[in-house]
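These are the residues of each chain, in order.
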Amino acid sequence: RSSRDPPLIERTLVTIDSMSTLTSCVARAVVAPKAAAKRSAAAKKAAKPSPALPAGAFATASLAATPAAFAATEAIAQTADGVGVAVGGAVVVAGAAGLLIAADPNKRREDMMSETGGDEAASVRNYFDTEGFNRWKKIYGETDEVNKVQLDIREGHQQTVDKILDWTAGIDMTGKTVCDAGCGTGSLAIPLALRGASVSASDISSAMVGEAEVRYNEQVKAGAKAPAVAPKFEALGLEECSGKYDVVTCIDVMIHYPTDRVNGMIDHLASLSDDKLIISFAPKTLAYSILKRIGELFPGPSKATRAYLHAEEDVESALNAAGFKVTRREMTATSFYFSRLLECQRV
């Protein structure tokens, strides 16, 4: 594999390594159903039968196949909002299953967590303060030193940010108080601040939030109009955020929270908001769960954190219990980035 290929998950999102061996297992992560069906129909005409192989043997053979050869057997499985996932035929699935059983993706994470005494939050902090910071600083930046997977993640994340900015475009943000929990490098906090909002931006990683402050200052220095109240950037875990705000945002952060902690996380975020709560998460569907699991077979050297998918109905139930109702929802699905976005209003 190329040293430039990134690991599967990162920070808000669920991704798949771009190397050709993986595309032999997954011809294209997410595609439009009609386009994929058309390619599948055309490919079947040219496909040649091949001898059956045991699951393990086929898994090894499929890793050596070219994406073009694999595309001849792709089929479409339907996922949320009509987004399809291109996977191989039954034999490919069986081969992938052999790899899934043989792999132990949790071991590398357990080894890493042992350095923090099993504290998962501390391991996430360490990751984003070290090698994770270098990776995500590039992805959330403007450098050309990214591969096609990282570029796709950048574009997907920006689409999510742009949707939030569109949702708030009709609101006069001057003087509005905003808490951006898990702000990363400031992709949402900075434009909201430049619209006049009084922003409290925080992240568990001091390196990430420090980069956010640097980027804000650079934009103001370059001529952007500074708000009346300068944004506050702090290194805080989500549970440490406090105060009351007109709007609370938490984008692509829930992927670091296991199911048994998500309800508490949502309840805490809700307690900070007097009006709106905007969150995003990687949705738990069969297709995305399979993609996540396959990607775990090909960890990169900086892959160190667990990634959690969440069922939308569970998230919405927690929001309702916390006194909020969902008023708008969007799905962002690029090739390597999947994120469900919810805008919620206090009832």
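Use the structure listed above.
Because the structure is predicted, anything quoted here is derived from the model rather than measured.

Participant: How should the pairing of strand β10 (residues 338-346) be read in this particular structure?
Facilitator: On any regular strand, side chains alternate: one points to one face of the sheet, the next to the other face. β10 sits mainly inside the fold: seven of its nine residues count as buried. Across nine bridges, the pairing between strand β9 (residues 324-333) and β10 is antiparallel. Note that in β10 the partner of Arg328 across the bridge is Glu343. Between β9 and the antiparallel strand that follows it, β10, lie four residues.

Participant: For this particular structure, what's the right way to read helix α12 (residues 259-272)?
Facilitator: Note on helix geometry: an α-helix contains 3.6 residues per turn, so any two residues three or four positions apart are oriented the same way. Relative to the 20 Å expected for 14 residues at 1.5 Å per residue, α12 spans 21 Å between its end C-alpha atoms, a close match to the ideal helical length. Here α12 has its buried residues at Val262, Met265, Ile266, His268, Leu269, Ala270 and Leu272. The inward-facing, buried residues of α12 abut β4 (177-181), β7 (245-250), β8 (273-281), α14 (312-321), β9 and β10.

Participant: Help me understand the environment of Arg154 in this model?
Facilitator: Counting through the fold element by element, Arg154 comes out in helix α9 (residues 148-167). The residues contacting Arg154, other than those within four sequence positions of it, are Lys138, Ile139, Gly141, Glu142, Thr143 and Val146.

Participant: Can you walk me through the packing of aromatic side chains in this structure?
Facilitator: Given two aromatic rings, one states the distance between the centres and the angle between the planes to describe the pair. Going through the model one piece at a time under the given rule, you end up with two aromatic pairs. On the numbers, 6.1 Å between centres and 45° between planes, the contact of Tyr216 with Phe233 is tilted. Here Phe233 lies in strand β6 (residues 232-235) and Tyr216 lies in helix α11 (residues 206-221), a separation of 17 residues in the sequence. By relative accessible area, Tyr216 is classed as buried at 7%.

Participant: Please clarify how the nonpolar core should be interpreted in this entry.
Facilitator: Soluble globular proteins tend to pack their nonpolar side chains together in the buried interior. Leu269, Leu277, Ile279 and Leu319 are the most contacted members of the largest nonpolar core, which has 27 residues in total. Sorting the residues of this core by element identifies β4, β7, α12, β8, α14, β9 and β10 as the ones contributing at least two each. In terms of residue count, α12 provides more of this core than any other element does, six residues in total. Leu319 has contacts with Ile266, Leu277, Ile279, Phe324, Val326, Leu342 and Cys344, leaving out every residue within four places of it along the chain. Core analysis: the second largest hydrophobic core is formed by 23 residues, Ile164, Trp167, Leu192 and Ile278 among them.

Participant: Is there a simple way to think about unusual backbone geometry in this case?
Facilitator: It is generally the case that most residues other than glycine have a negative phi and that most peptide bonds are trans. The backbone of Asp252 shows a phi angle near 55°, a positive value even though the residue is not glycine. We classify Asp252 as buried; its relative accessible area is 3%.

Participant: Even after reading the chapter, I still don't get the side chain of Lys276, so can you show me in this structure?
Facilitator: Tracing the backbone shows Lys276 in strand β8. Exposure remark for Lys276: the relative accessible area of 12% places this residue in the buried category. Contact partners of Lys276, with chain neighbours within four places excluded, come to Ile171, Asp246, Val247, Val248, Phe324, Glu343, Cys344 and Gln345.

Participant: Teacher, can you tell me more about α11 here?
Facilitator: Taking 1.5 Å as the rise per residue, α11 with 16 residues should run 22 Å; its terminal C-alpha atoms sit 22 Å apart, in good agreement. At the N-terminal end of α11, a side-chain oxygen is found 3.3 Å from the backbone nitrogen of Ala207, two or three residues along, and the residue is Ser205. Where α11 terminates, the next one or two residues include Gly223, which has phi positive at roughly 120°.

Participant: Please clarify how the sheet that holds β6 should be interpreted in this entry.
Facilitator: Note on sheets: strands pair through backbone hydrogen bonds, and any given pair is parallel or antiparallel. Here seven strands make up an open sheet; going across it, the order is β6-β5-β4-β7-β8-β10-β9 and the pairing mixed. What marks the edges here is a single partner per strand, and that holds for β6 and β9. For this sheet, the mean angle separating the axes of adjacent strands, direction not counted, is 15°. Two strands pair when backbone bridges link them, and β4 and strand β5 (residues 198-203) are joined in this way by five bridges, in the parallel orientation.

Participant: Where do I start with the pattern of salt bridges in this structure?
Facilitator: Opposite charge on two side chains lets them pair, provided their charged atoms get close. As enumerated under the stated definition, the model contains nine salt bridges in all. Put simply, Glu211 and Lys137 hold a salt bridge, and the shortest N to O gap is 4.0 Å. Taken as a pair, Glu211 in helix α11 and Lys137 in helix α8 (residues 131-139) lie far apart in primary sequence, 74 residues in all. Look at Glu211 and you get buried, because its relative accessible area is 12%. Overall, the relative accessible area of 35% leaves Lys137 in the partly exposed class. Of the charged contacts, one joins Glu239 and Arg261 as a salt bridge, the two residues approaching to 2.6 Å between their closest N and O atoms. Residue Glu239 is found in the loop between β6 and β7, and its partner Arg261 is found in helix α12; the two are separated by 22 residues along the sequence. The exposure class assigned to Glu239 is partly exposed, which follows from its relative accessible area of 43%. Assessed through its relative accessible area of 31%, Arg261 is described here as partly exposed.

Cut-offs and rules
Residues numbered from 1 in each chain as written. Predicted model: local features only at pLDDT ≥ 70, side-chain atom pairs only at ≥ 80, totals over all residues. Heavy atoms only, no water. Buried < 20%, exposed > 50% of the residue type's maximum accessible area, 1.4 Å probe, protein only. Helix = DSSP H or I, 4+ residues; strand = E, 2+ residues; numbered from the N terminus. Pairing = 2+ DSSP bridges. Expected span 1.5 Å × (residues − 1). Contact = heavy atoms within 4.5 Å. Phe/Tyr/Trp six-rings, centres within 6.5 Å; stacked < 30°, edge-to-face > 60°. Core = buried A, V, L, I, M, F, W, Y, C linked by side-chain atoms within 4.5 Å. Polar contact = N/O pair within 3.5 Å; in protein donor to acceptor, adjacent residues only side chain to side chain. Axes fitted to C-alpha atoms, helices over the stretch in contact; angles between N-to-C directions. Salt bridge = Lys/Arg side-chain N within 4 Å of Asp/Glu carboxyl O.

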